[in-house]
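# Secondary and tertiary structure notes
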Amino acid sequence: GYVRSLREESVKKCRILKESFEPPTLLTAALTHISFYILMFLGYLSQTLFPPKIVKEKNRDGYPSLFDRFASFYSRYVYRRIRDCWNYPICSVPGNEVVLKDRVTNDNGWTFEFVGSKTKCLNLASYNYLGFAENSGPCAEAAIDSIYKYGVTTGGTRQQYGTCDLHVELEKLTAEFLGVEDAITFGMGFATNALNIPALLTPGCLVISDEKNHASLILGIRLPGATVRVFKHNDVKHLEQILRENIYNGQPNQPQGEYKPWKKILIVVEGIYSMEGTIVRLPEIIALKKKYKAYLYLDEAHSIGAMGKHGRGIVDYFGCDPKDIDILMGTFTKSFGSAGGYIAGSKELITFLRQNSFASKHAWAMAPPVAAQIIAVLKILMGRDGTNEGQKRIETLARNTRYFRQRLEQMSIIIHGNEDSPVVPILVYLYSKIAAMVRMLIKEKIATVGVGYPATPLMEGRIRICLSAAHTKEQLDYALQVIEKVADELGLKYSRKPINPNPVEYDKIKVYEE
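Residues numbered from 1 in each chain as written. Predicted model: local features only at pLDDT ≥ 70, side-chain atom pairs only at ≥ 80, totals over all residues. Heavy atoms only, no water.

- The name given to the protein in an unreviewed UniProt entry is serine C-palmitoyltransferase, with Asbolus verrucosus as the source organism.
- Regarding the protein, the UniProt comment filed under Cofactor (unreviewed entry) reads as follows: "pyridoxal 5'-phosphate". (UniProt positions renumbered as here; feature names shortened; annotations may be inferred.)

### Some words on the overall build of the protein
- Helix and strand counts for the protein come out as 16 helices and 18 strands.
- A compact globule built from 514 residues would reach a C-alpha radius of gyration of about 24 Å, and the protein, at 24 Å, matches this within 12%.
- For the protein, the spread of C-alpha atoms along the three principal axes comes to 65 × 60 × 50 Å.
- Evaluated residue by residue, the protein yields a buried proportion of 52% over its 514 residues.
- Contacts in the protein between residues far apart in sequence, at least 24 positions, make up 70% of those at least 6 positions apart.
- Total accessible area on the protein is roughly 24,600 Å²; 54% of this is exposed by carbon and sulfur atoms.
- Each charge class in the protein can be summarised by its mean position, and for the 64 positive and 54 negative side chains these summaries are 4 Å apart. (Helix = DSSP H or I, 4+ residues; strand = E, 2+ residues; numbered from the N terminus. Rg over C-alpha atoms; globule rule 2.2 N^0.38 Å. Buried < 20%, exposed > 50% of the residue type's maximum accessible area, 1.4 Å probe, protein only. Contact = heavy atoms within 4.5 Å. Areas by Shrake-Rupley, 256 points an atom, 1.4 Å probe, with all protein chains shown as cover. Lys, Arg positive; Asp, Glu negative; His and termini not counted. Charge placed at Lys NZ, Arg CZ, Asp CG, Glu CD.)

### A closer look at the side chain of Gln-251
- Within the secondary structure, Gln-251 sits in the loop between helix H8 (236-249) and strand S8 (265-270).
- With a relative accessible area of 12%, Gln-251 lands in the buried category.
- Not counting residues within four places of it along the chain, the set of residues in contact with Gln-251 comprises Gly-204, Lys-260, Pro-261, Trp-262 and Lys-263.

### Some words on a nonpolar patch on the surface
- On the surface, Ile-34, Ile-38, Phe-41, Leu-42, Leu-45, Leu-49 and Phe-50 cluster together into a nonpolar patch covering about 710 Å² of accessible area.
- Summarising the element assignment, Leu-49 is placed in helix H1 (residues 26-49).
- Leu-49 gets classed as exposed once you look at its relative accessible area, which sits at 53%. (Patch = residues over 30% accessible without salt bridge, like charges linked within 9 Å, V, L, I, M, F, W, Y side chains within 5 Å. Salt bridge = Lys/Arg side-chain N within 4 Å of Asp/Glu carboxyl O.)

### A look at the domain arrangement of the protein
- Domain parsing of the protein yields domain 1 (26-56 + 64-123 + 392-428 + 441-497) and domain 2 (138-382).
- Each side of the interface is counted separately: domain 1 has 17 residues, and domain 2 has 17 residues.
- The interface formed by domain 1 and domain 2 includes 1 salt bridge.
- If you look at where domain 1 meets domain 2, you find 5 residue pairs in polar contact (both at pLDDT 80 or more).
- Among the elements of the structure, helix H14 (389-410), strand S14 (417-418), strand S15 (423-427) and strand S18 (462-466) are those that each provide at least two residues to the side of domain 1 that touches domain 2.
- Counted by class, the side of domain 1 that touches domain 2 contains 7 nonpolar, 5 polar and 5 charged residues. (Domains from an automatic or database assignment. Polar contact = N/O pair within 3.5 Å; in protein donor to acceptor, adjacent residues only side chain to side chain. Nonpolar A, V, L, I, M, F, W, Y, C, P; charged D, E, K, R; others polar.)

### Structural notes on the sheet that holds strand S12 (residues 327-331)
- Read from one edge to the other, the open sheet built from 7 strands follows the order S5-S13-S12-S11-S8-S6-S7, with strand pairing classed as mixed. Single-partner strands in this sheet number two, and they are strand S5 (182-186) and strand S7 (227-231). Neighbour-to-neighbour, the strand axes of the sheet open up by a mean angle of 20 degrees, direction not taken into account.
- Judged from the 4 bridges that link them, S12 and strand S13 (residues 341-345) form a sheet pairing that is antiparallel. (Pairing = 2+ DSSP bridges. Axes fitted to C-alpha atoms, helices over the stretch in contact; angles between N-to-C directions.)

### Side note on the packing of helix H4 (residues 165-178) against helix H13 (residues 368-381)
- The contact between H4 and H13 brings their axes to 10 Å, and the two run at 30 degrees. Here H4 lies roughly parallel to H13, going by the angle between them. Taken as a pair, H4 and H13 cross one another with a handedness that is left-handed. Contact residues: H4 offers Leu-166, Glu-169, Leu-170, Leu-173, Thr-174 and Phe-177, while H13 offers Pro-368, Ala-371, Ala-372, Ile-374, Ile-375, Leu-378, Lys-379 and Leu-381. (Parallel < 35°, antiparallel > 145°, perpendicular 65-115°, else oblique. Left-handed = near helix turned anticlockwise from the far one by under 90°.)

### So, the nonpolar core
- One finds Val-269, Leu-282, Phe-404, Leu-408, Ile-426 and Met-437 to be the most contacted residues of the largest nonpolar core, which totals 119 residues.
- If you tally residues by element for this core, the top one is H13, at 9 residues.
- A domain split of this core shows at least three residues from each of domain 1 (26-56 + 64-123 + 392-428 + 441-497) and domain 2 (138-382).
- Setting aside chain neighbours within four positions, we find Val-269 in contact with Asn-213, Phe-231, Val-280, Ile-285, Leu-296, Tyr-297, Leu-298 and Asp-299. (Core = buried A, V, L, I, M, F, W, Y, C linked by side-chain atoms within 4.5 Å.)

### Overview of the state of the cysteines
- For the structure on display, the rule yields 0 disulfides.
- Its sulfur unpaired, Cys-85 is 13 Å from the next cysteine sulfur, which belongs to Cys-121. (Disulfide = S-S within 2.5 Å.)

### Some remarks on the confidence of the model for the protein
- Taken as a whole, the protein shows an average pLDDT of 91; of its residues, 96% reach a score of 70 or greater.
- Within the protein, no element has a lower average pLDDT than strand S1 (residues 3-7), which sits at 37, and none a higher one than strand S11 (residues 295-299), at 98.
- Low pLDDT, under 50, characterises residues 1-13; the stretch is placed with 36 contacts to residues that sit more than four places away or in other chains. (pLDDT = per-residue confidence, 0-100.)

### What to know about the sheet that holds S18
- Reading across from one edge, S15-S18-S17 is the order of the 3 strands in this open sheet, with antiparallel pairing throughout. Edge positions in the open sheet fall to S15 and strand S17 (449-451), since each of these has one partner strand only. With direction set aside, neighbouring strand axes in the sheet form an average angle of 30 degrees.
- As paired elements, S15 and S18 share 5 bridges and run antiparallel to each other. The partner of Ile-426 across the bridge, within S18, is Ile-463.

### Notes on the packing of aromatic side chains
- Summed over all chains, the structure comprises 16 aromatic pairs.
- Ring centres of Phe-332 and Tyr-342 lie 5.4 Å apart, and the angle between their planes is 45 degrees; this geometry places the pair in the tilted category. Highlighted residues: Phe-332 in the loop between S12 and S13 and Tyr-342 in strand S13, separated in sequence by 10 residues.
- A centroid spacing of 5.3 Å and a plane angle of 85 degrees characterise the contact between Tyr-403 and Tyr-506, whose relative ring orientation is edge-to-face. With Tyr-403 in helix H14 and Tyr-506 in the segment after helix H16 (473-490), this pair connects stretches of sequence that are 103 residues apart.
- Take Tyr-506: its relative accessible area is 14%, and that puts it in the buried class.
- Among the aromatic residues, ring-to-ring pairing joins Phe-36, Tyr-37, Tyr-44, Phe-70, Phe-73, Tyr-74, Tyr-77, Tyr-431 and Tyr-453 into one connected group.
- Here the guanidinium or amino end of Lys-101 rests over the ring plane of Phe-114, the centre of that ring lying 4.5 Å away.
- We note Arg-103 situated over the ring of Phe-112; from NZ or CZ to the ring centre the distance is 4.4 Å. (Phe/Tyr/Trp six-rings, centres within 6.5 Å; stacked < 30°, edge-to-face > 60°. Lys NZ or Arg CZ within 6 Å of the ring centre and 35° of its normal.)

Now the structure itself:
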């Protein structure tokens, strides 16, 4: 069927995961391919008749090309036609609403000009899961106060006089929040993966990576020269097959008849996959990791704060022991309304990273106001501000997510991912419909993100909705009303699943029950 239910036996109370991956009809698939090929044909025709006035490479015999020819063509003749749907400049805090700077293009997307006006939109595009992207309130005040005490930077790396007491407090609080021995923080989320994974791997190590992993993970995995194997997205059986085969065969390129085991095996997965809206099958992967004596690296960039009864991510969501994950990674950019990232785990691991991490050695330390914002959010989530504001936001996000997803399914719109994931991909398939939907929603003062090839497979063009605890029910109802209107006009009601006729009552949606 269209819904896959997975029973997890490693938690005291079984959690049934409901994830939907309804495929398009054959007609939709055919039209998607045909429309894309027409777009490509028109692009090549335009390039032939009107050659672009660009710099051409000369005297490059024996050298690889500086530019990928297809990427350059695609950017100029395909993406340019719908470029107005992306990279909108904003001039406000990206909260439940966002202010866009209006712009026009007079040359079919080559250049844009600002017209001087602004448009306030309902924000369904930002990773503001818990609604802490605010320019007022206790978190903003804590960030402002820290500037007067510490300035905007400590002026160095963590190993060279860049550490202040805010960094020490943040790392202690992060480790306590996650339930592990220690943690180390960094000023950039992407670099947390890209500059720390190379310190943990060497040639002779095996990395088994989910095919949908983020670019920062892929970069970090490639840099140290380890052997990489990729398993199908969230497919535990395929992961086990790769583990068995590679443990049996050992390291490649050995003398005939000689067996050399791997130095270490690292499984790399994410908590929530930000393009798919899926949730990692963590209990099963932990069981495999223990069975085959591998290590587990879990990227909780999109799940920390946003998932679990206490906001502690996918580990909390499944009720797993955080000590079963060897390397816990997350970012402070999404749920915390700040910047940077962390790696948490055993005292031994974090001490090693403090001494050997490229980010710790060479990257500028996290700015004090950024750290102060995160500390203030952590204290709210842990209830140390004397209120239940943190728990209220966690539950509101969970309720908003289930309400929004259930209402979309009643409209016969195909959505992918887990029922509890605040990332909601709406499948529109055709390139032209991605652009049309983004433009129509902006006219209705709703800001969203359109995603198409090559960021997604050709057959999976989508509008990605990101929900927040800051969204009110009235705002969600308005967005749903507009989305249904647009879906009728563009013909986006592709789903063939039976529709639940019962009305979805927001206040009766149950979340995180014992």
